Amino acid sequence: MHTVTVSDSQGPIDRITPRLLLGPGDEGCTHLAAVRINVPAGARMGEHAHGDSETLLTVLTGEIVLHSKDGPHPLRPGVIAHVAVGEQVGVANPGDQPATLLAIFTPPEFAVRLPR
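What comes next concerns the included structure. (Residues numbered from 1 in each chain as written. Predicted model: local features only at pLDDT ≥ 70, side-chain atom pairs only at ≥ 80, totals over all residues. Heavy atoms only, no water.)

Some thoughts on the overall build of the chain
Here comes step 1: Helix and strand counts for the chain come out as 0 helices and 9 strands.
Here comes step 2: Helices and strands appear in the chain in the N-to-C order β-β-β-β-β-β-β-β-β.
Here comes step 3: Sorting the 116 residues of the chain into buried and exposed places 42% on the buried side.
Here comes step 4: Considering only intrachain contacts with a sequence separation of at least 6, the fraction spanning at least 24 residues in the chain is 68%.
Here comes step 5: Summed over all atoms, the accessible surface of the chain reaches about 6500 Å², with 55% contributed by carbon and sulfur. (Helix = DSSP H or I, 4+ residues; strand = E, 2+ residues; numbered from the N terminus. Buried < 20%, exposed > 50% of the residue type's maximum accessible area, 1.4 Å probe, protein only. Contact = heavy atoms within 4.5 Å. Areas by Shrake-Rupley, 256 points an atom, 1.4 Å probe, with all protein chains shown as cover.)

What to know about the pattern of salt bridges
Here comes step 1: A complete count under the given rule lists 1 salt bridge for this structure.
Here comes step 2: R116 is paired through a salt bridge with D26; the nearest N and O atoms lie 3.0 Å apart. Taken as a pair, R116 in the segment after β9 (99–106) and D26 in the loop between β1 (17–22) and β2 (33–39) lie far apart in primary sequence, 90 residues in all.
Here comes step 3: Owing to a relative accessible area of 13%, D26 belongs among the buried residues under this scheme. (Salt bridge = Lys/Arg side-chain N within 4 Å of Asp/Glu carboxyl O.)

A look at the pairing of β9
Here comes step 1: Across the 8 residues that make up β9, a large majority, 6, are buried.
Here comes step 2: Relative to β9, β2 is paired through 7 bridges, and the arrangement is antiparallel. Across the sheet, residue N38 finds its bridge partner in β9, namely T100.
Here comes step 3: By the bridge criterion, 7 bridges tie strand β4 (residues 54–61) to β9 in an arrangement that is antiparallel. In the strand pairing of β9, T61 is matched with T100. (Pairing = 2+ DSSP bridges.)

Points about the sheet that holds strand β3 (residues 44–48)
Here comes step 1: Within the open sheet, the 4 strands sit side by side as β3-β8-β5-β6. Their pairing is antiparallel. Looking at the sheet topology across the chains shown, the edges are occupied by β3 and β6 (71–75). Neighbouring strand axes in the sheet, compared pairwise and without regard to direction, differ in orientation by 20° on average.
Here comes step 2: Pairing of strand β5 (residues 64–68) with strand β8 (residues 89–92) involves 3 bridges; the strand directions are antiparallel. In the sheet register, L66 faces β8, and the bridge partner there is V91. (Axes fitted to C-alpha atoms, helices over the stretch in contact; angles between N-to-C directions.)

Description of the sheet that holds strand β7 (residues 80–83)
Here comes step 1: Strand order across the open sheet formed by 5 strands is β1-β2-β9-β4-β7, with antiparallel pairing between neighbours. With one partner strand each, in any of the chains shown, β1 and β7 form the two edges of the open sheet. The mean angle between the axes of side-by-side strands here comes to 25°, regardless of whether they run parallel or antiparallel.
Here comes step 2: As judged from the 4 bridges shared by β4 and β7, these two strands associate in the antiparallel manner. Of the residues in β7, the one forming a bridge with T55 is V83.

Right, dumping it as structure tokens:
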């Protein structure tokens, strides 16, 4: 078993910062990656896909809007969104406070290139 503490960024957030928390090679982890994404107030990440990975996305703090072909989906803590393989999505934080997301990717190849 491998444990990682998922917390808000330390200090001010001035840009969207994804950080790999857990991935292949971490104590038996082979088929997924966990990524913390800090999204500053007012920031937006344009539409993109996650390669061959499925993604589960949940908000830990703050609120975001997940944009997809189905339209905007407001997300808040306690809500989980599924992003299918090849689905184009964008993320926006329309609020005045930073948001922190946890994304789980499987297979992990999309996420393993991100910084720790």
